[in-house]
Amino acid sequence: MLVDGQHFRTIWPTDDGVFEIIDQTKLPFSFEVVRLETAVEAAHAIFDMLVRGAPLIGATAAYGMALAMREDASDDNLSHAYTNLLAARPTAVNLRWAVDEMRALLDPLDPGQRATAAFARAADICDEDAAQCSAIGDHGLELILGAYEKCGKSRPVNILTHCNAGWLATVDWGTATAPIYKAHEKGIPVHVWVDETRPRNQGASLTAWELNQHGVDHTVIVDNAGGHLMQKGQVDLCIVGTDRTTRTGDVCNKIGTYLKALAAADNSVPFYVALPGTTIDWELKHGKDIPIEERAAEEVTEMTGRTRAGNVETMRIVSDGSKAANPAFDVTPAGLVSALITERGIAMANEEALSSLYPEKAKY
Ligand code: MRU
């Protein structure tokens, strides 16, 4: 998508055989590209959230495996890189999918063949993700069009989203934002309510930034405003992303998603979840079995922002001595999800519907 009018992806290989990413910890105040040269640097980029969002975590891990093979293509280093990258973050299942995919490819190869094959597969994973997100956009566009027709084409369609499930969280297009960008391209007027998404503020810092760069009308709201706006009839539909969805349609996403789904159900606002097939965990039946990342208390007790003098600073906002807890994700039960928007089409959030979209994975 666009940054200062120029097309960017979130991750790309360099001519000299490493790869680069956008450092998302610096947004929205500065746009900085970081070069990753080793598998350890790739794992750190995931752990420290220079990259984040389920599909992009997977793409970074794939390139991380490729860098490992460039450094040392032995069996030992393949296992070592696999274990280290997999441990970088626990919730987004795309990470496991990507390192499994790379390992299945690399294991049978001679060490001398591994680096070239790994870089080629990592590039393919990125291209596939961009294509899947574009297809999610095409399918989700129909839902936005439906809402536009429902209001008699008399006003913009109001869409609420939580966290950043935009192009910054994927390779390109985003998941939740892909239908929004497609609608914008088609000239359907859309307005996005952007949840700020405490504690890391992915909505305020990332979603708002990318919508702004792309010229999509949006308004940032505090996380607790969504229910009120729904009661007032100011939200036509919600679209969020997911880090892991079980085969029965339970959706794990950024903390606070569940509360939005509850408010949407109470106000008969459709609640959609956009995801590529790589985010479905076919091994899991119940959302309660998804590992929920617990992050540092400092993310809650402190906030980072730009002062009026123009300096980016971090400050404490909680009384000294108070404890803070920081579960990073929650699970929205399938019953609260109106539908799942995938690259293969729109499915009800249940095992039968998902299995018929992905028959090669089905356990049903
Ligand atoms: O902690 P983050 O920023 O990695 O969490 C990201 C999210 O929760 C996204 O909504 C999810 O990964 C979907 S990304 C298309």
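Residues numbered from 1 in each chain as written. Predicted model: local features only at pLDDT ≥ 70, side-chain atom pairs only at ≥ 80, totals over all residues. Heavy atoms only, no water.

### Quick look at the overall build of the protein chain
How we decide: Helix and strand assignments come from DSSP, with helices taken as H or I runs of at least 4 residues and strands as E runs of at least 2, each series counted from the N terminus. Taken over C-alpha atoms, the radius of gyration is set against a globule rule of 2.2 Å times the number of residues to the power 0.38. A simple rule labels every residue: compare its accessible area, found with a 1.4 Å probe on the protein chains alone, to the largest value its type can have, and call it buried under 20%, exposed over 50%, or partly exposed in between. It only takes one pair of heavy atoms within 4.5 Å for two residues to be counted as in contact.
A tally of helices and strands in the protein chain yields 11 helices and 18 strands. Relative to the 2.2 N^0.38 estimate, which gives 21 Å for 364 residues, the radius of gyration of the protein chain is 20 Å and therefore close to what a compact globule would have. Overall, the protein chain is about 60 × 55 × 45 Å in size when its C-alpha atoms are taken along their principal axes. Counting only residues that meet the buried cut, the protein chain has 55% of its 364 residues in that class. Within the protein chain, contacts between residues at least 6 apart in sequence are counted, and of these 74% link residues at least 24 apart.

### As for the site of the ligand
Counted only if it meets this: By convention in this text, a residue qualifies as near a molecule or strand provided that one of its non-hydrogen atoms is within 4 Å of it. Think of a polar contact as two N or O atoms within 3.5 Å of one another; within protein, one of them needs to be a possible hydrogen donor and the other a possible acceptor, and neighboring residues in sequence only count if both atoms come from side chains. Per-residue accessibility takes into account occlusion by the displayed protein chains alone, with areas from the Shrake-Rupley method and a 1.4 Å probe. For this scheme, ten residues count as nonpolar: Ala, Val, Leu, Ile, Met, Phe, Trp, Tyr, Cys and Pro. Four count as charged, namely Asp, Glu, Lys and Arg, and the remainder, Gly too, count as polar.
Residues in close proximity to the ligand total 19 residues, the closest being R89, Q202, D243, N253 and K254. The backbone of A54 places a nitrogen or oxygen atom 2.9 Å from an oxygen atom of the ligand. Look at the ligand: alone it shows 420 Å² of surface, and the protein chains cover 100% of it. The class makeup of the residues in the shell around the ligand is seven nonpolar, eight polar and four charged.

### Things to note about unusual backbone geometry
Omega for the bond connecting L27 with P28 falls within 30 degrees of zero, at 10°, which places this linkage in the cis form. Looking along the chain, the bond that leaves R198 and enters P199 is cis, with omega of 5°. Here T197, not a glycine, exhibits a phi torsion of approximately 70°, which is positive. Along the chain, the position of T197 falls in the loop between β7 (190-195) and α7 (202-214). You will see that S268, though not glycine, has its phi angle at about 55°, which is positive. With respect to the helices, strands and loops of the structure, S268 is situated in the loop between α9 (257-266) and β12 (271-274). Under the relative-accessibility criterion, S268 is labelled exposed at 68%.

### Examining the domain arrangement of the protein chain
Rules: Delimitation of the domains relies on an automatic or database domain assignment. Accessible surface is computed with a 1.4 Å probe, and the buried area is the amount of it that two parts give up when combined, taken over both parts together. Only one rule defines a salt bridge in this text: a Lys or Arg side-chain nitrogen within 4 Å of an Asp or Glu carboxyl oxygen.
Examined at the domain level, the protein chain breaks down into domain 1 (2-128) and domain 2 (138-357). The partner domain 2 presents 35 residues to the 33 residues of domain 1 that form the contact. Summing the contributions of domain 1 and of domain 2, the shared interface buries around 2,900 Å²; its carbon and sulfur component is 57%. In this structure, the connection of domain 1 to domain 2 is made through two salt bridges. A salt bridge links D281 to R96; the shortest N-O distance between them is 3.1 Å. At the surface where domain 1 touches domain 2, the tally comes to 16 residue pairs in polar contact (both at pLDDT 80 or more). Elements with a minimum of two residues in the side of domain 1 that touches domain 2: β1 (2-3), α2 (54-71) and α4 (93-106). For the side of domain 1 that touches domain 2, a count of residues per class yields 20 nonpolar, seven polar and six charged.

### Things to note about the sheet that holds strand β5 (residues 33-36)
Filter applied, for reference: Here a strand pair is declared whenever DSSP counts at least two bridges between the two strands. Geometry is summarised by axes, namely lines fitted to C-alpha atoms with helices restricted to the contacting stretch, and by angles between N-to-C directions that run from 0 to 180 degrees.
Taking strand neighbours across the sheet as the criterion, the three strands line up as β3-β4-β5 in an open arrangement whose pairing is antiparallel. Pairing within the sheet leaves two strands with one partner each, and these edge strands are β3 (11-13) and β5. Each adjacent strand pair in this sheet contributes to an overall mean axis angle of 25°, direction not counted. Strand direction decides the pairing type here: strand β4 (residues 19-22) and β5, joined by four bridges, are antiparallel. Paired with I21 across the strands is V34, a residue of β5. Strands β3, β4 and β5 of the sheet are contacted by α2, whose axis makes an angle of about 25° with β3.

### Things to note about the nonpolar core
Where we set the bar: Here, nonpolar core refers to any group of buried Ala, Val, Leu, Ile, Met, Phe, Trp, Tyr and Cys residues whose side-chain atoms link them within 4.5 Å.
With 43 residues, the main nonpolar core has I11, F19, I21, I46, M65 and M102 as its most contacted residues. A per-element tally of this core places α2 first, with 12 residues. Contact partners of M102, with chain neighbours within four places excluded, come to A62, M65, A66, A118, R121, A122 and I125. C151, V157, A165 and L206 belong to the second-largest nonpolar core, a separate cluster that totals 38 residues.

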